[in-house]
Amino acid sequence: MKIKWTGLAIMSFYLKTLLTFRANITIQILLLGAKVLFAYILWSAIYDQNGKIGGFSFENMMLYYVLVTGIIGIDSAKEMGYKISDEIQRGVFSKYMILPISPSKYFLYEAMGKNLLHGVIVVLSSILWIVLFKIPFQVNENWIELGIASWFVILGLVFLTLFHYMFALFAFLIQDTTTFFMIRDNILGFLLGGVIPFVLLPDQLTQLLKCLPFYYIAYYPALIAGNLVDPNYWFGSLIMLIWISILWFLVNWMYQTFRIKYEGVGL
Amino acid sequence: MKTISKYSRLFMCLLQMRLAKQATSGISFIGPFLVDGIMFGIQILTFSAIYTNITSIGGWQKGEIILFIGSFSLINALNMTLYFFGVISIPDKIKSGRLNYYLTKPVNSLFYISFESINLGSGLLIVLSFSILLYGVKILNKPISMVQVGVYAYVIILMTILFYDIMLLFRTIAFYLIEADGLLRVEEECIGLCMQIPGVLFQRVFKIVFYFILPYGIMGTIPAQVLAGTVKRNNLILATLITILFTMVAICFWNYSRGKYNSASS
């Protein structure tokens, strides 16, 4: 009971902290719009001479980009990873080590608190951009399938938090992690389906991606929510739960192993 | 002549100092090459996937798109090698007061700041960019004349200067704002947008914005058109005039803003 209240306290603290930075909220809404704008300009030129591409009409494609960009926009773990890495290198990570909660649980709760606010912002700004760009709102009307999509989004956010935390832990060993983070971010943007829908890739590559968790974080939920696929949640859920379990054990092992090298005085 | 000689020697000194420092840095030396190399690789993969389903985008064939990616990559590579790491530090120098150090030197402070952080590791990106361009020329399957190569080199130099001007303009605003991060994120998104979409696809208000106000839209487009043999003389004149205009505005704005600088926490 004590840990649950601690978790809620951590979540609400970071939620309130985010709410004080209203300019950041505005920028987030505008940046989401910029990504949708890019998709609108590119795909309106492509669809000018083509009917359906990969089974997607222009309206499907635009709705896909709004949903995928929105789901990716909910994730706050990327910035959190940079922050953790920076704090390790400056020697101030000690403040997490003395808390009555493990750092991995602490960061999970922190991410959940921030993701909650980001989720609200994303939903509201997605509606705004759908109206502004006049995208037909052909969202799935089946509440059970929308629930399945939300389930995958939640699993995906948990995975991404552990994933970014794992990379941040390398700061115990490496002085300059920025390069690795930027390489990771470039590849991750593609793997999450934010660049192009996987339906345009070769079949073999798509089948391989289905065995990785990235397929189910934003791409698959966006297809379900946009009524573009029949959901098969068993396989996807199993994949996600396996990868989350692997990551959970990995980050805890990494923390226990690497913290021994930590001197708390900065690199 | 004396000034050119002086600044040439300064440039060589800055280059030598930078080489000595970077020789010890390992991954930081080739970091920009890895990061941007992967980014442009993903872009090529993306458009290759799109072109397996269609034949053209806005009248542009696959070869032209690859030339566009290669051209933007080349401009980015020159930017990252020569002045990127110098110019991005300007807001931090203004905020912390370290700009004083540069203003007291008997050389042009803007020149010093811009070229003190030359990154030769990013020069590998230039090699990568030429590979992309050769790939694009091969797919396009059109002969390229020496005149086209000459004009292409001229346009690339112009666009590299233009990129510098816009970067400088965004960062000079830090003289007037306590926090300029939001503005820099807007710049980042505009670059991200224009390096993935040829300027010819922009219509109406977007064309005005990305051709004349934030002319990222012409940076990769016009060089690609030169190599593809589809460039019009008006576009070359436009590129030249816009570069001259932005250079004058950027330098004047910098000189004016420097006069308003009050040292730390301005």
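Residues numbered from 1 in each chain as written. Chains lettered and ligands numbered in written order. Predicted model: local features only at pLDDT ≥ 70, side-chain atom pairs only at ≥ 80, totals over all residues. Heavy atoms only, no water.

(A) View of the overall build of chain A. The secondary structure content of chain A amounts to 11 helices and zero strands. Scanning chain A from its N terminus toward the C terminus, one meets helices and strands in the order α-α-α-α-α-α-α-α-α-α-α. Each of the three principal axes of chain A carries a C-alpha extent, and together these read 60 × 40 × 40 Å. Counting across all 267 residues of chain A, residues that qualify as buried make up 52%. The long-range share in chain A, meaning contacts at least 24 apart out of those at least 6 apart in sequence, stands at 79%. Total accessible area on chain A stands at roughly 12900 Å², and carbon and sulfur atoms take up 68% of it. Taking the average place of the 17 positive charges on the side chains of chain A and the average place of its 14 negative ones, the gap between the two points comes to 11 Å. (Helix = DSSP H or I, 4+ residues; strand = E, 2+ residues; numbered from the N terminus. Buried < 20%, exposed > 50% of the residue type's maximum accessible area, 1.4 Å probe, protein only. Contact = heavy atoms within 4.5 Å. Areas by Shrake-Rupley, 256 points an atom, 1.4 Å probe, with all protein chains shown as cover. Lys, Arg positive; Asp, Glu negative; His and termini not counted. Charge placed at Lys NZ, Arg CZ, Asp CG, Glu CD.)

(B) Spatial organisation of the overall build of chain B. Counting secondary structure elements, chain B contains 13 helices and zero strands. Seen in sequence order, chain B has helices and strands lined up from the N terminus as α-α-α-α-α-α-α-α-α-α-α-α-α. Taking 2.2 N^0.38 as the reference for a compact globule, 266 residues should give roughly 18 Å; the C-alpha atoms of chain B span a radius of gyration of 19 Å, in line with that estimate. For chain B, the C-alpha atoms occupy an extent of roughly 55 × 45 × 40 Å along the three principal directions. Of the contacts formed within chain B by residues at least 6 apart in sequence, a portion of 80% connects residues at least 24 apart. In the structure as shown, chain B presents an accessible area of about 12300 Å², 68% of it carried by carbon and sulfur atoms. Taking the 20 positively charged and 10 negatively charged side chains of chain B as two groups, their mean positions are separated by 9 Å. (Rg over C-alpha atoms; globule rule 2.2 N^0.38 Å.)

(C) Fine view of the interface of chain A and chain B. Contact with chain A, which involves 26 residues of that partner, is made by 29 residues of chain B. Taken over both partners, the interface formed by chain A and chain B buries close to 2500 Å², and the fraction arising from carbon and sulfur atoms is 77%. Its largest share of buried area at the contact with chain B, chain A owes to Phe38(A), Ile41(A) and Asn186(A), together 20% of the area lost on that side. Viewed at the interface, chain B and chain A are joined by one salt bridge. For Lys35(A), the salt bridge is made with Glu189(B), and the minimal N-O distance between the two is 3.4 Å. (Buried area = accessible area lost by both parts, 1.4 Å probe. Salt bridge = Lys/Arg side-chain N within 4 Å of Asp/Glu carboxyl O.)

(D) Molecular detail of helix H12 (residues 221-228) of chain B. Burial analysis of H12(B) places eight of its eight residues in the buried class, which makes it a mostly covered element. Tucked into the core, H12(B) has its buried residues touching helix H3 (62-82), helix H8 (123-140), helix H9 (146-172), helix H11 (204-213) and helix H13 (233-259) of chain B.

(E) Here's a closer look at unusual backbone geometry. Residues and elements named next belong to chain B. One non-glycine residue, Asn-141, lies in the positive phi region at around 60°. The residue Asn-141 is located in the loop between H8 and H9 in this model. A positive phi angle, near 50°, is found at Arg-204, a position not held by glycine. For Arg-204, the location among the structural elements is in helix H11.

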